[in-house]
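Coordinate inspection notes
Residues per chain are reported as follows:
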Amino acid sequence: MEKHFELDYTQLKDDCIPADFTFQTTAELKPLEGIVGQERAVKAFDFGLAVKMKGYNIYMAGPSGTGKTTYAINSTEKMAQTEPVPSDWCYVYHFQNPRNPLALRFEAGMGKQFQEDMAELVQLIKTELQKVFRTEDYENQKNELLRSFDEKRNDLMEKMSQTAAEYDFQVKTTNSGIYFMPVVEGKAVGEEEYDNLTEETKAAIEKNSQIVQEKAGAIMREIRELDKESKKQVDQLDYKVGMFAIGHHVNALLEKYRDYDRVISYIKAVQEDVLENIAQFFEDEEESDEGLSSLLPMLNKKPAEDVTQKYKVNLIVDHSETKGAPVVVTFNPTYFNLVGEVEYDNEFGNLTTDFMKIKGGLFHKANGGYLIVQAQDVLSAPQAWEALRRVMKTEEINMDSIREQLGVVAAPTLKPEPIPADIKVIMIGSNYYYEMLSQYDEEWDKFFKIKADFDYEMPRNDENSWKIAQFIKRFVEKEKTMEFDVSAVCAIIEYSSRSAERQDKLSTRFNHLAEILCEAVTWAGLEQAKLVTAEHIKKTIAEKEQRMQLYEEKLDEMLEENVIMIDTEGSEIGQINGLAVLDMGSYAFGNPSRITATTYVGKSGIVNIEKEARMSGQTHDKGVQIITGFLGQTYAQNFPLSLSCRVCFEQNYNGIDGDSASSTELYCILSSLAELPIRQDLAVTGSVNQKGEIQAIGGVTHKIEGFFDLCKKRGLTGTQGVIIPASNVKDLVLKDEVVEAVKDGVFHIYPITHIDQGIALLMGMPAGKKNKTGNFPANSVHGKVMKKLKAFDKRAQGEEA
């Protein structure tokens, strides 16, 4: 038999040996600083941090576990320490439009100081006003003022009485007002007496009454004007006295905040409001009303209102303790967490609010700095993305009530003045979210102009291997665990290479490595070891896999009991062992599968039974079409294909996709046509193109190990093995037991580049080369296939005739 090229055991994995390092344990190492194997992403990220223009927000793309979030936080915090502390922000009462609270900006720390200063000022105002308005001097001035107006009022009332007397009327004053009673013969006449008067007398009284009413109306207007003037004079006195009492306190505050124009305007507005409403500061309660209201139940009485409420300061951003620019990290970016909200109180069934119930959000905290969010979290929270993009677009934080927009709450709402926003957003997520947002949001590229693309793998070289050792040291220091010896470091590097499924690559998903380190430390602790060794790493990996192997074990049982029929010895026509990978999410394993083909005369071509049963994916369907192209290119240059063929993955009930079995299916079809048996001790994987070239596939390591495990359980015969694409050799990171079996010559791995090499291996006969006439040698696989196809064509033509 022809000797076929097979791989040497040294080609099946790239061993990491302790001699590659100069240390014995990680105690001799310094912990890793920064991140490993992400030079492109780090360069992009750092550049994005340096650009301070609009739209240069950063999207960090890549698989989970590559250190995106950790690097983003560490690098951003380092940058933020060198940047200035942003402004404080306060909301205050808007005296002209109470529904639109004003936003005041202060230098860092001054907002808290202003809040305290205003509280102190209001208390001083309250104290000083209560003091000054209780002084004897103020009472004398006010009494003198009121006395002069009372005299004038009394004179007018006397004038009214005299005028009434001239026309035989008497003035009567009651709580309900002033009225006139007629006087007849020096005596006031009541209603009953009036009815007894003569008509002539009544007529005279009516006439005089109209005259008195007109003259009294004029006098009453004078009295009202006098009362207005009296109130005006008292208010002016109160304003003057109040200004004298509080003016110097207000002036001190105006001087302190002279550099803040809007603050100056606000303080002056406070002063004016205080002086215009001085009475609200007096604690003396009015005399109790003995009327009906005093009989109402206490439950109907509202609590006393805080007259100083509108002079308070709502400090929503306080940077008095902040060092550098803020870095806000959130994993719960709901709309209200981002934007903030206006809270409500329930008073006797009515919802009420005011500017002091405005609560700042993460946008306010991150303003002037950085906001780090996860793409999935933002897209999972209703209205969160809309809120984020609005801030990035408008560069202001607008606290519009989402409840009002949705019509959820029918209550008075506030519309606080928007605050200018200067926030660099760092969004972390997968490429899937990046592409989705890029497709569905036409302004996406305006918002996130920097993409830091994190790779899932990195080159396996001395530098990166050394950094993995330093990563282990950082883990030791962070978690305060025992040290790892050099053999454990080598085992971790080999595991990282296996995770990357490449001999020349290492995985950058360091959270997976950290899981192995955590569990290895636990196993070492249970054994009371002083160092974590390679044996602990290997035990951790084995135990971790064993915990997830339930489904694999169930399949193995069915294979052993021949419930799922797979042959590992002998040979069969039109039957071959294919290889697939079952991915369970966090665990994947190889699974052999029997593929069969039947061929006969007809015109239907190759029929994929999986497709007919709607269990085939698009890529698998494409592979079947490629096989048709190969058959036509190879055999049907001089006559048409008159072929009907059925290809099936036997006992497959879950569907199949991918083209990695296209070469396997082709071998099976050729075996059926040539009527040559295929070795069942070999399994095959590999994609084929229309020219018969074997192309690389994925999961080659798992596929080989899946068939090896089955052969091992049934007993290795020494002839068993797997045919793989030669381009996949670099992807081999096989388990030690497979490597040992190959080393001992009891298992074989054959790399091939063309379908003809696989034909010779599987069928024990040369594939054959075309001669100048376009025919193949009769004693070759291609020759036998062409002979069969010609016979099919003749029969088909005979039937047509």
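Residues numbered from 1 in each chain as written. Predicted model: local features only at pLDDT ≥ 70, side-chain atom pairs only at ≥ 80, totals over all residues. Heavy atoms only, no water.

1. Observations regarding the overall build of the protein
Of regular secondary structure, the protein possesses 26 helices and 30 strands. In terms of overall dimensions, the protein is more spread out than a globule: its C-alpha atoms have a radius of gyration of 47 Å, far above the 28 Å expected for 801 residues. Seen through its principal axes, the protein has C-alpha atoms that stretch 155 × 80 × 50 Å. Expressed as a percentage of the 801 residues in the protein, the buried residues total 47%. Look at the contacts in the protein between residues 6 or more apart in sequence, and 77% of them connect residues 24 or more apart. (Helix = DSSP H or I, 4+ residues; strand = E, 2+ residues; numbered from the N terminus. Rg over C-alpha atoms; globule rule 2.2 N^0.38 Å. Buried < 20%, exposed > 50% of the residue type's maximum accessible area, 1.4 Å probe, protein only. Contact = heavy atoms within 4.5 Å.)

2. A short note on unusual backbone geometry
A positive phi angle, close to 55°, is found at Glu 395, a residue other than glycine. Of note, Glu 395 is situated in the loop between helix H11 (384–394) and strand S14 (396–397). Taking the relative accessible area as the measure of exposure, Glu 395 reaches 39% and is therefore partly exposed. Of note, Gln 651 is a non-glycine position whose phi angle comes to about 55°, a positive value.

3. Things to note about the sheet that holds strand S7 (residues 314–317)
Within the open sheet, the three strands sit side by side as S3-S2-S7. Their pairing is antiparallel. Each edge of the open sheet carries a strand with a single partner, namely strand S3 (102–106) and S7. Taking the axes of each pair of neighbouring strands and ignoring which way they run, one obtains an average angle of 30° across the sheet. Strand direction decides the pairing type here: strand S2 (residues 88–92) and S3, joined by five bridges, are antiparallel. Paired with Trp 89 across the bridge in S3 is Arg 105. Taken strand by strand, helix H7 (residues 261–276) contacts S2 and S3, and its axis lies near 130° from that of S3. (Pairing = 2+ DSSP bridges. Axes fitted to C-alpha atoms, helices over the stretch in contact; angles between N-to-C directions.)

4. Regarding the side chain of Ser 671
Within the secondary structure, Ser 671 sits in helix H22 (residues 662–674). Polar side-chain contacts of Ser 671 include one of 2.4 Å to the backbone oxygen of Leu 676. Residues in contact with Ser 671, not counting those within four places in the same chain, are Glu 572, Ile 573, Gly 574, Leu 676, Pro 677, Ile 678 and Met 763. (Polar contact = N/O pair within 3.5 Å; in protein donor to acceptor, adjacent residues only side chain to side chain.)

5. With respect to the environment of Lys 256
Examined against the element boundaries, Lys 256 turns out to sit in helix H6 (residues 199–256). On a C-alpha basis, the gap between Lys 256 and Glu 214 in space is 60 Å, while along the polypeptide they are 42 residues apart. Not counting residues within four places of it along the chain, the set of residues in contact with Lys 256 comprises Gln 113 and Asp 117.

6. Side note on a negative patch on the surface
A surface patch of like charges, here negative, comprises Asp 150, Glu 151, Asp 155 and Glu 158. Relative to the helices and strands, Glu 158 is located in helix H4 (residues 136–166). Given a relative accessible area of 43%, Glu 158 falls into the partly exposed group. (Patch = residues over 30% accessible without salt bridge, like charges linked within 9 Å, V, L, I, M, F, W, Y side chains within 5 Å. Areas by Shrake-Rupley, 256 points an atom, 1.4 Å probe, with all protein chains shown as cover. Salt bridge = Lys/Arg side-chain N within 4 Å of Asp/Glu carboxyl O. Lys, Arg positive; Asp, Glu negative; His and termini not counted. Charge placed at Lys NZ, Arg CZ, Asp CG, Glu CD.)

7. Re the nonpolar core
Counting residues in hydrophobic clusters, the biggest one holds 45 residues, and the most contacted among them are Leu 631, Tyr 667, Ile 669 and Leu 762. Secondary-structure elements contributing two or more residues to this core are strand S22 (588–601), helix H21 (618–635), strand S24 (643–649), H22, strand S26 (682–684), strand S30 (748–752), helix H25 (755–763) and helix H26 (781–800). Here this core takes seven residues from H22, the largest share from any one element. Of all hydrophobic cores here, the second largest spans 42 residues; its members include Phe 355, Met 392, Tyr 433 and Tyr 434. (Core = buried A, V, L, I, M, F, W, Y, C linked by side-chain atoms within 4.5 Å.)

8. Remarks on the sheet that holds strand S13 (residues 370–374)
Strand order in the open sheet formed by five strands is S8-S13-S16-S1-S17, with parallel pairing between adjacent strands. Each edge of the sheet is formed by a strand with only one pairing partner; in this case those strands are strand S8 (327–329) and strand S17 (450–453). Adjacent strand axes in the sheet meet at a mean angle of 20° when their direction is disregarded.

9. Concerning the pairing of S17
The side-chain alternation of S17 yields one buried face, formed by Ile 450 and Ala 452, and one unburied face, formed by Lys 451 and Asp 453. Taken together, the four bridges between strand S1 (residues 58–61) and S17 define a ladder with parallel strand orientation. Following the sheet pairing, Tyr 59 is matched in S17 by Lys 451.

10. Some points on the packing of aromatic side chains
Enumeration according to the criterion identifies 28 aromatic pairs in this entry. Plain terms: the ring middles of Phe 23 and Trp 466 are 5.5 Å apart, the flat faces sit at 80° to each other, and that makes the pair edge-to-face. Note that Phe 23 is positioned in the segment before helix H1 (39–50) and Trp 466 in helix H15 (residues 462–479), a separation of 443 residues in sequence. Both rings, one in Phe 95 and one in Tyr 311, keep their centres 6.2 Å apart while their planes meet at 35°; by these two values the pair is tilted. (Phe/Tyr/Trp six-rings, centres within 6.5 Å; stacked < 30°, edge-to-face > 60°.)

11. A word on the environment of Ala 514
In this structure, Ala 514 sits in helix H17 (residues 510–526). Through-space distance from the C-alpha of Ala 514 to that of Asp 709 is 28 Å; in sequence the pair is 195 residues apart. Discounting chain neighbours no more than four positions away, the residues touching Ala 514 are Phe 471 and Phe 475.

12. Considerations on helix H2 (residues 68–80)
For H2, with 13 residues, the first-to-last C-alpha span of 18 Å sits near the 18 Å given by 1.5 Å per residue. What H2 keeps buried is the set Lys 68, Tyr 71, Ala 72, Ser 75, Thr 76 and Ala 80. In a view along the axis of H2, the buried residues occupy a sector of 150°, so they form one face of it. Those residues of H2 hidden inside the fold are in contact with H1, S1, S8, S13 and strand S16 (424–429). (Expected span 1.5 Å × (residues − 1). Arc of directions from axis to C-beta.)

13. Quick word on the packing of H4 against H6
Remark: H4 packs on H6, axes separated minimally by 10 Å, with the N-to-C direction vectors making an angle of 175°. Comparing their axes, H6 and H4 come out roughly antiparallel. When the residues that make up the contact of H4 with H6 are grouped by side-chain class, the tally is 17 nonpolar, four polar and nine charged. (Parallel < 35°, antiparallel > 145°, perpendicular 65-115°, else oblique. Nonpolar A, V, L, I, M, F, W, Y, C, P; charged D, E, K, R; others polar.)

14. Observations concerning the confidence of the model for the protein
Chain-level statistics for the protein give a pLDDT mean of 87 and a share of 94% at 70 or above. Ranking the helices and strands of the protein by mean pLDDT puts S13 first, with 97, and helix H12 (residues 402–406) last, with 60. (pLDDT = per-residue confidence, 0-100.)

15. Looking at the pattern of salt bridges
Following the criterion strictly, the structure yields 30 salt bridges and no others. With a closest N to O distance of 3.0 Å, Lys 473 and Glu 483 form a salt bridge. Of the two residues, Lys 473 is situated in helix H15 and Glu 483 in the loop between H15 and helix H16 (486–500); the sequence distance between them amounts to ten residues. Close ionic contact of Asp 504 with Arg 502 constitutes a salt bridge, the shortest N to O distance being 3.0 Å. Through salt bridges with shared partners, a single network forms among Arg 389, Lys 393, Asp 441, Glu 443 and Lys 446.

16. Here we look at the side chain of His 536
Structurally, His 536 can be placed in helix H18 (residues 534–547). A relative accessible area of 5% places His 536 in the buried class. In this structure the side chain of His 536 is engaged in a polar contact, spanning 2.9 Å, whose partner is the side chain of Glu 527. His 536 has contacts with Ala 520, Trp 523, Ala 524, Glu 527, Ala 529 and Leu 531, leaving out every residue within four places of it along the chain.

17. Looking at H25
Along an α-helix, residues three or four positions apart point the same way, because every turn accommodates 3.6 residues. With eight of nine residues buried, H25 lies mostly within the body of the structure. Gly 764, located one to two residues past H25, shows a positive phi value of around 65°.

18. Overview of the state of the cysteines
Throughout this description, disulfide means a covalent bond between two cysteine sulfur atoms. Counting across every chain of the model gives zero disulfides. Summary of cysteine pairing: Cys 668 is not part of a disulfide, and the nearest cysteine sulfur, belonging to Cys 645, is at 8.1 Å. Note on Cys 668: relative accessible area 0%, which makes it buried. (Disulfide = S-S within 2.5 Å.)

19. Quick notes on the pairing of S30
Buried residues dominate S30, accounting for five of its five residues. Side-chain alternation along S30 places His 748, Tyr 750 and Ile 752 on one buried face and Ile 749 and Pro 751 on a second face that is also buried. Bridge count between strand S29 (residues 721–725) and S30: five bridges; the pairing is parallel. From the neighbouring strand, Pro 725 faces S30, where its bridge partner is Ile 752. In this fold, S29 hands off to helix H24 (residues 736–743), which returns the chain to S30; that crossover is right-handed. (Right-handed = clockwise from strand over helix to strand, strands pointing away.)

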